[in-house]
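Each chain, written out:
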Amino acid sequence: MLERDEPEVVGRRVQRLRAQRGLTQRQLAEPAYTPAYISTLEAGRVRASDEALRHIADRLGVTFEELAAGRPAHLATGLRLRLTEAQRLLADGRAEEAAVQYGLVRAEAEAHGLGREQADALLGLGECALETGALSEARDRFERAEAQLADQSLPVRVPAVRGRAVAHYLAGELRYAVYLLESTLDELNRGGLHDPDALLLLYASVIGPYMDMGAHARAAQAAEFALALAPRAGDPALIARMHRSVARTLLAEGRIAEADASLAKAAELYAQLRLRTELANCHWMRGYVCAQNGELDRAEQELRQAHGMLARTRAALYRSQAAVELADVLHRRGRSEEAAELLEGVLGDFSSERGAVHAAAAHRLLGIIAEDARDTEAAEEHYVRALSLLERAGAAGDLADLCRLLGDLLRRTGRTEAALDAYRTGLGHRTAPGTTTLGPAPAQPPLWPVPPSPDRPPL
């Protein structure tokens, strides 16, 4: 519902527009109203009905929206067109340029009280911040978007919740990320809100935190659900460009409803392009499962596919995470030099505040490679760095394994007491494979059949 300005503001606007057009109060009023009514309205002493304002707007040659709320004609549709332009830039990996566009749209939407467009711009700014690794900024943008959408249904709010969760996950706050994603999934499924786009976002996003916490069974199930929900489009970028062009033409012709419909289709397709990152995570998941089953050739194929998909989206942090998993497979296949080169190339993308778990995994693997090369000093340095990162992230299962590696190294170099300390630390964090401190699994959605595909074998 349009939020109208106060009567005195509307009255001054009517008076200004009437004077600009050289109309008398009688000419503006007739045939439906009286000059006295127009005089009272212009003085701000009456709140005009929508019917009266539509009559006056028609006589003045402006839109009802412009007269009632002071918005330029077609402003909302124009902003949505600019939002799809920003989505295109982000889908192409041009996050900095997209952020500029989203920022301009947000400022204009806020100035004119367009809440939904403001929320969409905030979501875009959050995604841009995730892409560039500005995690605190991303959390702030997603929180503001969620607050702006407070009166909307849960499926509409899901992108903001998912964005917050991903920002916490990338900062190493695994349990809170899982809590946000699982509680939202549970609320959707128990409430019968089986929105495919919302569920796909959540299931694809929870895979990484599950894996880092050792909840492999839940991760595998989430990947299956995500792939079953994955949208199909021959060439989303091409189709989206077509819809944007059509929308421009329709908007120029004043066909606002049709322009909005084309923009909605374009926005949906650009969202699908953004999901390449999420679907790449599903291929990463398949590669991990294959590696655990000893199918290293297939694991390398899946992980290279994930790495390539992420490289095309220019998602540096996600690409680096996939590179760590790929390096582990290369090492297990006897290609340690190639693995070490890959790891050294991505370590700069991580920090204790950004991708801590995968940074630890990279140092752990570099430590193993250094041990194999009998460079115990370098191995110890990598293990200690990994230990510090994992303690901050709370990745208990990985901590236990790392303490064992460090303890074995210290024992072999004659530092028995230090080795015992490392073992004790590991025992304090030990968990059985596949278990975590997670609560009950969230309610499941209906089962969707997954069409057979030569490049999508079952897990």
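About the criteria used
- Residues numbered from 1 in each chain as written.
- Predicted model: local features only at pLDDT ≥ 70, side-chain atom pairs only at ≥ 80, totals over all residues.
- Heavy atoms only, no water.
- Helix = DSSP H or I, 4+ residues; strand = E, 2+ residues; numbered from the N terminus.
- Buried < 20%, exposed > 50% of the residue type's maximum accessible area, 1.4 Å probe, protein only.
- Contact = heavy atoms within 4.5 Å.
- Areas by Shrake-Rupley, 256 points an atom, 1.4 Å probe, with all protein chains shown as cover.
- Phe/Tyr/Trp six-rings, centres within 6.5 Å; stacked < 30°, edge-to-face > 60°.
- Lys NZ or Arg CZ within 6 Å of the ring centre and 35° of its normal.
- Expected span 1.5 Å × (residues − 1).
- Salt bridge = Lys/Arg side-chain N within 4 Å of Asp/Glu carboxyl O.
- Polar contact = N/O pair within 3.5 Å; in protein donor to acceptor, adjacent residues only side chain to side chain.
- Arc of directions from axis to C-beta.
- pLDDT = per-residue confidence, 0-100.
- Core = buried A, V, L, I, M, F, W, Y, C linked by side-chain atoms within 4.5 Å.

Undergrad: Would you mind going over the overall build of the protein chain with me for this structure?
TA: Helix and strand content of the protein chain: 22 helices and 0 strands. Within the span of the protein chain, comprising 459 residues, buried residues form 51% of the whole. Restricting to contacts in the protein chain with at least 6 residues of sequence separation, those with at least 24 account for 64%. If you sum the accessible surface of the protein chain, you get close to 20900 Å²; carbon and sulfur atoms cover 50% of it.

Undergrad: What's the story with the packing of aromatic side chains in this structure? I'm lost.
TA: Each pair of aromatic rings is reported with the distance of its centres and the angle of its planes. One pass over the structure, following the stated rule, counts 2 aromatic pairs. With a centroid separation of 5.2 Å and 20 degrees between ring planes, the pair formed by Tyr-33 and Tyr-37 is classed as stacked. Lying across the ring of Phe-64, Arg-54 places its NZ or CZ 4.0 Å from the centre.

Undergrad: Sorry, what's going on with helix H11 (residues 174-190) here?
TA: Taking 1.5 Å of rise per residue, 17 residues should cover 24 Å, and H11 covers 24 Å from first to last C-alpha, within 8% of that figure. Buried within H11 we find Leu-174, Ala-177, Val-178, Leu-180, Leu-181, Glu-182, Thr-184, Leu-185, Leu-188 and Asn-189. Downstream of H11 by one or two residues, Gly-192 has phi in the positive range, about 70 degrees.

Undergrad: Even after reading the chapter, I still don't get the environment of Leu-389, so can you show me in this structure?
TA: Along the chain, Leu-389 turns up in helix H20 (residues 376-393). The class for Leu-389 is buried, based on a relative accessible area of 13%. Linking Leu-389 and Ala-359, residues 30 residues apart in sequence, is a C-alpha distance of 7.5 Å.

Undergrad: Any chance you could explain the environment of Val-62 here in plain terms?
TA: Within the secondary structure, Val-62 is located in the loop between helix H4 (50-60) and helix H5 (64-69). By relative accessible area, which is 15% here, Val-62 ends up buried. When the C-alpha atoms of Val-62 and Leu-17 are compared, they prove to be 9.2 Å apart, with 45 residues separating the residues in sequence. Not counting residues up to four positions away in its chain, the partners in contact with Val-62 are Leu-17, Arg-21, Ala-57 and Leu-67.

Undergrad: How do you make sense of the pattern of salt bridges when you look at a structure like this?
TA: Note on pairing: side chains with opposite charge can pair once their charged atoms come close. Tallying each qualifying case throughout the model produces 29 salt bridges. Between Arg-162 and Glu-127 there is a salt bridge whose closest N-O contact spans 2.7 Å. A residue pair is termed long-range when its members are at least 10 positions apart, and Arg-162 in helix H10 (residues 154-170) and Glu-127 in helix H8 (residues 115-132) qualify at 35 residues. Relative accessible area serves as the criterion here: at 16%, Glu-127 is assigned to the buried category. Note that Asp-140 is salt-bridged to Arg-144, the shortest N-O span being 3.3 Å. Placement of the pair is Asp-140 and Arg-144 together in helix H9 (residues 135-148), with a separation of 4 residues, close to one helical turn. The network of salt bridges with shared partners includes Asp-297, Glu-300, Arg-304, Arg-333, Arg-335 and Glu-338.

Undergrad: I tried to follow the side chain of Glu-146 on my own but got confused; where do I start?
TA: The topology assignment puts Glu-146 in helix H9. Judged by relative accessible area, Glu-146 falls into the buried class, the value being 19%. Reaching out from Glu-146, the side chain makes a polar contact with the side chain of Arg-164 at a distance of 2.8 Å. Sequence-distant contacts of Glu-146, that is, excluding residues within four places in its chain, are made with Ala-160, Val-161 and Arg-164.

Undergrad: Help me understand the environment of Gly-287 in this model?
TA: By secondary structure assignment, the location of Gly-287 is in helix H15 (residues 256-292). Setting aside anything within four residues of it in sequence, one finds Gly-287 in contact with Ala-299, Glu-302 and Leu-303.

Undergrad: Would you take a moment to explain helix H18 (residues 336-346) for this structure?
TA: Side chains of residues three or four places apart in an α-helix project in the same direction, reflecting 3.6 residues per turn. Of all the residues in H18, the buried ones are Ala-339, Ala-340, Leu-343 and Val-346. Looking straight down H18, one finds that the buried residues subtend no more than 135 degrees of arc, so they occupy a single side. In H18, those exposed residues whose orientation departs by more than 90 degrees from the buried face are Glu-337, Glu-341 and Gly-345.

Undergrad: Sorry if this is basic, but what is going on with the confidence of the model for the protein chain here?
TA: Interpretation of this model should avoid reading the predicted coordinates in detail wherever pLDDT is low. Chain-level statistics for the protein chain give a pLDDT mean of 81 and a share of 81% at 70 or above. Counting contacts from residues 431-437, a segment whose pLDDT is below 50, to residues more than four positions away or on other chains yields 11 contacts. In the model, residues 449-459 has pLDDT below 50 throughout and makes 16 contacts with residues more than four positions away in sequence or in other chains.

Undergrad: Sorry, what's going on with the nonpolar core here?
TA: In globular proteins that are soluble, nonpolar side chains generally tend to be buried together. Residues Leu-130, Ile-207, Met-285 and Tyr-383 are the most contacted members of the largest nonpolar core, which totals 95 residues. The element best represented in this core is helix H12 (residues 196-213), accounting for 12 residues. With residues up to four places along the chain from it excluded, the contact list for Tyr-383 reads Arg-364, Gly-367, Ile-368, Glu-371, Leu-402, Leu-405, Leu-406 and Leu-409. Among the nonpolar cores identified, the runner-up in size contains 17 residues, and Val-10, Leu-28, Ile-38 and Ile-56 belong to it.

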